[in-house]
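As a plain string of letters, each chain reads:
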Amino acid sequence: MSFYDWFFLEKDRPAAGLFSWSHLLSVTIILAGLMVWAYFLGKKHKDNPKGQRIVLIVASGALIALYIMKMAFLLATTDDVVNTWRENIPLFFCDAIIFVVPIAAFAKGRAQDICFDFIAICGFLMGFMGNYFAGNVYSYHPAFSYLSLISAFNHGIAAFAAMFVFVARLNKMEKRNIPFVIGILFVLMTIALIVDYITGENYVFFLGGSGTPFGLIFDWVQHNLIIYQIIIYVMQCGYIGLFYVVYYPIKKWMDGRKKVEAPNEQ
């Protein structure tokens with residue numbers, strides 16, 4: 001058997017299985033490597049806007065390249081090009097990073113601040129939940145395979161971007177921007193919901209869990225789509241609101257500690 005058949009086409013290879021040792025090991029190694037790298041780059045470019053922009057541009061390029069690599073492979077190995085395109089529009093929650101990181105890299109002012117806040121808040125969730133709970137990937141593919149690694153690095157770069165933004169202190173978390181940060185996700189989800197009803201696809205898992213933990217919620221509401229979809233909206237947009245609720249008291253506490261410690265250091 002050739003490497004192409006083994007690695008790309010996954011011939012005679014069983015799926016890794018969600019939470020299998022190969023799944024957990026592979027995503028942990030990728031996430032750990034990217035997080036350490038992001039921390040190092042964030043420290044290095046904390047006061048270097050040019051360096052920050054370069055890191056974000058490279059991250060943007062990597063995200064776009066991964067999507068192109070995925071689509072090129074899928075289109076090259078399918079007899080149904082139309083359905084392949086339809087099934088792989090970047091409209092999942094984690095796909096928002098593909099749009100937001102490039103905007104953050106090139107935008108200025110308030111638009112850039114909103115993007116940085118979105119990355120800081122959602123990037124870790126995308127990176128960790130998108131990798132560790134990827135039942136839609138590891139239930140169907142081996143851990144060390146082309147499509148699994150594409151998914152792992154794609155989600156990993158989201159966590160990388162969040163770590164970089166935090167360490168470089170690019171996020172401002174201004175209260176006036178909260179509706180716009182939530183609005184990014186709300187707009188993406190609404191577009192995804194419309195596409196789901198038009199095409200019958202399952203973006204943002206609005207039509208069922210597809211092997212992810214959302215399936216537990218879908219079963220819990222006895223497959224009532226309206227209630228289920230409202231819950232998905234509340235959970236995902238609500239996560240951003242909850243992040244702010246937790247962030248501000250912690251930030252206030254940390255600032256208070258700095259003020260107390262500052263006089264003692266003089």
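All values reported here derive from a predicted model rather than from experimental measurement.

(A) Broad picture of the nonpolar core. Membership of the largest hydrophobic core comes to 82 residues, with the highest contact counts inside it found for Phe118 and Met126. Ignoring anything within four residues of it in the chain, the contact list for methionine 126 reads Phe93, Cys94, Ala96, Ile97, Phe118, Asn131, His155 and Ala158.

(B) Structural detail: the pattern of salt bridges. Per the stated rule, a full pass over the model turns up five salt bridges. Among the salt bridges present, the one from glutamate 201 reaches arginine 86, with a minimum N-O distance of 3.1 Å. Residue glutamate 201 is located in the loop between helix 9 (178-199) and helix 10 (214-220), and its partner arginine 86 is located in helix 4 (residues 81-87); the two are separated by 115 residues in the primary sequence. The exposure class assigned to glutamate 201 is buried, which follows from its relative accessible area of 14%. On the basis of relative accessibility, which here comes to 31%, the residue arginine 86 falls in the partly exposed class. Two residues, lysine 172 and aspartate 113, come together in a salt bridge whose shortest N-O distance is 3.5 Å. Note that lysine 172 is positioned in the loop between helix 8 (146-167) and helix 9 and aspartate 113 in helix 6 (residues 109-132), a separation of 59 residues in sequence.

(C) View of unusual backbone geometry. Here phenylalanine 19, not a glycine, exhibits a phi torsion of approximately 70°, which is positive. Relative to the assigned elements, phenylalanine 19 resides in the loop between helix 1 (3-8) and helix 2 (21-44). Owing to a relative accessible area of 45%, phenylalanine 19 belongs among the partly exposed residues under this scheme.

(D) Layout of the packing of aromatic side chains. Applying the stated criterion across every chain, the model contains 25 aromatic pairs. Seen in terms of ring centroids, tyrosine 4 and phenylalanine 8 are 5.2 Å apart; in terms of plane orientation they differ by 25°. Their pairing is stacked. Taken together, the residues tyrosine 4 and phenylalanine 8, both in helix 1 and four residues apart, mark about one turn of the helix. A relative accessible area of 22% means that phenylalanine 8 is categorised as partly exposed. Judged by centre distance (6.4 Å) and plane angle (80°), the ring pair of phenylalanine 7 and tyrosine 146 falls under edge-to-face. Highlighted residues: phenylalanine 7 in helix 1 and tyrosine 146 in helix 8, separated in sequence by 139 residues. A single burial state applies to phenylalanine 7 and to tyrosine 146, both of which are buried. Above the face of the tryptophan 6 ring, arginine 13 is positioned so that its terminal group lies 3.8 Å from the ring centre. Cation over ring: lysine 175 sits above tyrosine 248, and NZ or CZ is 5.1 Å from the ring centre.

(E) View of the environment of tyrosine 233. With respect to the helices and strands, the residue tyrosine 233 is situated in helix 11 (residues 225-265). Considering only alpha carbons, one finds tyrosine 233 and leucine 185, 48 residues apart in sequence, at a separation of 9.3 Å. Excluding its chain neighbours within four sequence positions, the residues that come into contact with tyrosine 233 are Phe186, Met189, Thr190, Leu193, Phe206 and Gly238.

(F) Summary view of the packing of helix 2 against helix 8. Closest axis-to-axis distance for the helix 2/helix 8 pair is 8 Å, and the angle between their directions is 30°. Here helix 8 runs roughly parallel to helix 2, going by the angle between their axes. The two elements helix 2 and helix 8 cross, and the hand of that crossing is right-handed. Side by side, helix 2 and helix 8 meet where Val27, Ile30, Leu31, Leu34, Met35, Trp37, Ala38, Tyr39, Leu41, Gly42 and Lys43 of the first sit next to Leu149, Ala152, Phe153, Gly156, Ile157, Ala159, Phe160, Met163, Phe164 and Val167 of the second. Residues belonging to the contact of helix 2 with helix 8 are distributed by class as follows: 18 nonpolar, two polar and one charged.

(G) Molecular detail of a nonpolar patch on the surface. A surface patch of nonpolar side chains, about 610 Å² in accessible area, is lined by Leu242, Val245, Val246, Ile250, Trp253 and Met254. Note that isoleucine 250 resides in helix 11. Relative accessible area serves as the criterion here: at 44%, isoleucine 250 is assigned to the partly exposed category.

What counts, and at which threshold
Residues numbered from 1 in each chain as written. Predicted model: local features only at pLDDT ≥ 70, side-chain atom pairs only at ≥ 80, totals over all residues. Heavy atoms only, no water. Core = buried A, V, L, I, M, F, W, Y, C linked by side-chain atoms within 4.5 Å. Buried < 20%, exposed > 50% of the residue type's maximum accessible area, 1.4 Å probe, protein only. Contact = heavy atoms within 4.5 Å. Salt bridge = Lys/Arg side-chain N within 4 Å of Asp/Glu carboxyl O. Helix = DSSP H or I, 4+ residues; strand = E, 2+ residues; numbered from the N terminus. Phe/Tyr/Trp six-rings, centres within 6.5 Å; stacked < 30°, edge-to-face > 60°. Lys NZ or Arg CZ within 6 Å of the ring centre and 35° of its normal. Axes fitted to C-alpha atoms, helices over the stretch in contact; angles between N-to-C directions. Parallel < 35°, antiparallel > 145°, perpendicular 65-115°, else oblique. Left-handed = near helix turned anticlockwise from the far one by under 90°. Nonpolar A, V, L, I, M, F, W, Y, C, P; charged D, E, K, R; others polar. Patch = residues over 30% accessible without salt bridge, like charges linked within 9 Å, V, L, I, M, F, W, Y side chains within 5 Å. Areas by Shrake-Rupley, 256 points an atom, 1.4 Å probe, with all protein chains shown as cover.

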